Structures are given as structure tokens and as C-alpha cells.
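Coordinate analysis (summary)
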Amino acid sequence: MKIIDGKLVSSYYKENLKTLISSKGINVTLAVILVGNNPASKIYVSNKTKECREVGIETKDFYLPSDTPENELLNLIKELNNDNEVDAILVQLPLPKHMDEFKVLSTISPSKDVDGFHPENIGKLAVGKPFIEPCTPKGIIRLLDYYEIGIEGKRAVVIGRSNIVGKPISLMLLHRNATVTICHSKTQNIENITKEADILIVAVGKPNFVKRNMIKENAVIIDVGINRLEINNEYKVVGDVDFEDVKEICSYITPVPGGVGPMTRAMLLENAYQLAMHRKKMCK
Ligand code: NAP
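As the structure is a computational prediction, the values presented were derived from the model and not from experiment. (Residues numbered from 1 in each chain as written. Predicted model: local features only at pLDDT ≥ 70, side-chain atom pairs only at ≥ 80, totals over all residues. Heavy atoms only, no water.)

Right, let's get into the environment of Asn271. You can see Asn271 is positioned in helix 10 (residues 260-279). As a C-alpha pair, Asn271 and Ser10 span 261 residues in sequence and 14 Å in three-dimensional space. Beyond its immediate sequence surroundings of up to four residues, Asn271 is in contact with Val114, Ile132, Glu133, Cys135 and Lys138. (Helix = DSSP H or I, 4+ residues; strand = E, 2+ residues; numbered from the N terminus. Contact = heavy atoms within 4.5 Å.)

Moving on: the pattern of salt bridges. Inspection of the entire model under this criterion finds 16 salt bridges. Here Lys60 makes a salt bridge to Asp83, at a shortest N to O gap of 3.4 Å. One end of the pair, Lys60, is in strand 3 (residues 57-64); the other, Asp83, is in the loop between helix 3 (70-82) and strand 4 (88-91), with 23 residues separating them in the sequence. (Salt bridge = Lys/Arg side-chain N within 4 Å of Asp/Glu carboxyl O.)

Right, let's get into the pairing of strand 3. Here 8 bridges tie strand 2 (residues 28-35) to strand 3, and the two strands are oriented parallel to one another. If you follow Val35 over to strand 3, its bridge partner there is Leu64. Remark: the strand 2/helix 2 (residues 39-55)/strand 3 crossover connection has right-handed handedness. (Pairing = 2+ DSSP bridges. Right-handed = clockwise from strand over helix to strand, strands pointing away.)

For soluble globular proteins, nonpolar side chains are generally found buried alongside one another. Formed by 52 residues in total, the largest nonpolar core has its most connected members in Leu30, Ile57, Leu173, Ile201 and Ile222. A total of 11 residues in this core trace back to one element, the largest contributor, which is helix 10. Discounting chain neighbours no more than four positions away, the residues touching Leu173 are Ile141, Leu144, Ile151, Ala156, Val158, Ala178, Val180 and Ile201. By size, the runner-up hydrophobic cluster in this structure holds 19 residues, among which are Leu76, Leu93, Leu95 and Ile108. (Core = buried A, V, L, I, M, F, W, Y, C linked by side-chain atoms within 4.5 Å. Buried < 20%, exposed > 50% of the residue type's maximum accessible area, 1.4 Å probe, protein only.)

Let us now look at the sheet that holds strand 4. In sheet architecture, strand pairing relies on hydrogen bonds along the backbone and comes in two forms, parallel and antiparallel. Spatial ordering of the open sheet is given by 3-2-4, a layout of 3 strands whose pairing is parallel. Two strands in the sheet have a free side with no partner beyond their single neighbour: strand 3 and strand 4. Ignoring strand direction, the axes of neighbouring strands in this sheet form an average angle of 20°. Taken together, the 4 bridges between strand 2 and strand 4 define a ladder with parallel strand orientation. Bridging from a neighbouring strand, Ala31 pairs with Ile89 of strand 4. (Axes fitted to C-alpha atoms, helices over the stretch in contact; angles between N-to-C directions.)

Listed below in C-alpha cells is the structure:
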């Protein structure tokens, strides 16, 4: 079994990006909006800001209280859409319950949509003409490519159908000529389906959900899950795959942490750069 090292691969892409940004002398600015006090979101935002600085991307951070009226958030997004200094906008999810996530994400200008969640950008992805790709699935494809794991003709099974991971990764694998099956909470006899996967992508949000009896020998396993467990008063992050249980029979596997997570952040940086290049008409 080989470990797919997301830290290593993300460092490779971040170094490339740092060189590109400095050699082109381009200013890239990402606006990050965090609504509320979700501790995990705060950590994500501060890590993103730190990594932006490391590669030469400037950030503008906006921290709004959790009771911010939705309209105020929409107005801030519209201001940033019109702000010439801002190339890319990120609204950290999840949003407080009184906000309509679809409405908020649809308000971000598609040309500044660093996460690729705007319906126009999802539509372009769906028809195979992506303008900007969502970060986690983009990072997964990069991991497979880096390790020269073939996708074409392979049987790929995706567990989870979220708009941010399950659906876009299914489309991207399909565009790379995999035969794709999507499983979800209503799928029956899921292990019969997952056992056929050459490539198994797991984005369920349930710790250790995938066990040995669910996978085929030599399968490639991409574990997207990030689950925080409290064990003896200590927090531990685990994935959706029972790593110890499956490690002897799979051919490749992403660890958690250190697999998909660092790639998601690296792709966010790349997307910000890509949007800046597009806005400044430095690429077609
Ligand atoms: P989500 O919106 O929470 O959706 C979970 C999906 O899993 C749903 O489609 C759900 O089916 C399906 N599901 C739930 N129980 C199931 C079961 N028993 N059998 C089969 N499918 C089941 O998912 P998400 O936002 O994609 O996140 C998934 C995990 O990935 C979370 O742990 C999240 O923290 C993590 N994540 C990690 C990264 C990263 O960079 N590493 C990025 C994003 C998310 P239904 O649709 O039928 O409800």
C-alpha cells in the first residue's frame, strides 16, 4: 500500500504558484468572509490567510457577527464584486441558519468565485467547459495525476452527493472517462457497489464509515472526510475510512490528516491566481 501524501503534493503546487506569482509580478487579492464564531471555520480561515501570504497572495478578511442580517452580507459581497482591487471572494461555509446559502453563493460574481460554487460555474463544469473548478475535487484529481493513477476506463465510486465534493468530483471523473457511480444515504447494499470500485472517493462525514468488507483488493481510496473526535479529552481528526482496517488491501490511500485537506487549500490559492490572471486579461 502506498500513502498519497497530500502535504508533499500541495507543497509542490504551492511552490510552483509562488514562483509564477512573483515572476509575473501580478497582484492577487482574495477577500475572505467569515460569519459567526464556528471554531473550525476560524481555524480554516486563519490557515487560508497564512497560506495565501506564503505564496504572495494578499487577503482582505471580513469577520461578521453570527446575527448579521443576510442583506448586510449580500451588500458586502456586492461591494467586493465591484471592488477593482479584489480578484477573488470566499464565503466560509457553513453559514448561520438564518442565511440562504444558495442565495449568498449566487451573489458572488462568477468571475470572482474562488470556490467555484456559483451555479453558473457549476453549470460550466457540468457541460465539460469549466471556468473554475471547486477546490476539493480539483485537488483530488491533481493527487491522482501526481501519482500517475489512471482514471480513464476505471470504475469510480463516489460516496456522498454534496454540491461541494460528491457531485463535482463525479462530474470531473466522468469527464476523465471513468465509469462513475454515486452512492448516498438511501443507497441500498452499498458494499456491493463500493466493492466494484477501482477508485473509491469517500465524502460522507462519518468517522471510519468505510471498512475492509466494502473495498476491492488494490482499490485506490481517497478519503475526503474530516471528523473531529474527542478521545480521552483530546481531539483527534479522523477520516471517513477506517485506515487501519483497509490499509493492507488497498493499493493507494490518502491519510487524514495530510491527504485531501492540504490539496483543497492549495487549489484555493491556485483558483485565486487563476481568477486574477483572467481579470487582468493575462490569460485567455
Ligand atoms: P455533506 O454535505 O455532509 O453530505 C454527506 C453526504 O454523505 C450526503 O450526500 C449523504 O447522503 C451521504 N451519506 C450520509 N450518510 C450516508 C450513508 N450511511 N451511506 C451513504 N452515504 C451517506 O458532505 P460534504 O460537505 O461533502 O462533506 C463530507 C465530509 O468531507 C465531511 O467530513 C467534511 O468535513 C469533509 N470535507 C473535507 C474537505 C477537505 O478538504 N478534506 C472538503 C470538504 C468537506 P444524502 O445526500 O442522501 O443525505
